[in-house]
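# Geometric and topological summary
Next come the chains, spelled out residue by residue.
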Amino acid sequence: MTVDKKPAPMKDFTDKLFDLCREYQQEIPPHKMAEVLRDYADRLDG
């Protein structure tokens, strides 16, 4: 008998984020994506 485990929220989040980044990497340079993520982190730190 196996028990299906629900994905951990952090793993689910990072998987979705990486999929999104891969989808747009041809249109948005990686350094711009990193800049947006840093800006978002700064906003969270308030």
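Scroll up for the structure.
## A short note on the overall build of the chain
Scanning the chain for helices and strands turns up 2 helices and 0 strands. Every one of the 46 residues in the chain was classed for burial, and the buried ones make up 2%.

## Details of the pattern of salt bridges
Enumeration according to the criterion identifies 4 salt bridges in this entry. R22 is the partner of D19 in a salt bridge, and the nearest nitrogen-oxygen pair spans 2.5 Å. Pair noted here: D19 and R22 are both in helix α1 (residues 9-24), with a separation of 3 residues, about one helical turn. The class for D19 is partly exposed, based on a relative accessible area of 43%. Classification of R22 as partly exposed rests on a relative accessible area of 49%.

## As for helix α2 (residues 30-45)
Taking 1.5 Å per residue as the helical rise, α2 with its 16 residues ought to reach 22 Å, and the 23 Å between its terminal C-alpha atoms agrees with that figure. Within α2, only 1 of the 16 residues are buried, which leaves it mostly out in the open. Just downstream of α2 lies G46, where phi reads positive at about 65°.

What counts and how
- Residues numbered from 1 in each chain as written.
- Predicted model: local features only at pLDDT ≥ 70, side-chain atom pairs only at ≥ 80, totals over all residues.
- Heavy atoms only, no water.
- Helix = DSSP H or I, 4+ residues; strand = E, 2+ residues; numbered from the N terminus.
- Buried < 20%, exposed > 50% of the residue type's maximum accessible area, 1.4 Å probe, protein only.
- Salt bridge = Lys/Arg side-chain N within 4 Å of Asp/Glu carboxyl O.
- Expected span 1.5 Å × (residues − 1).

Shape descriptors only; they carry no functional weight alone.
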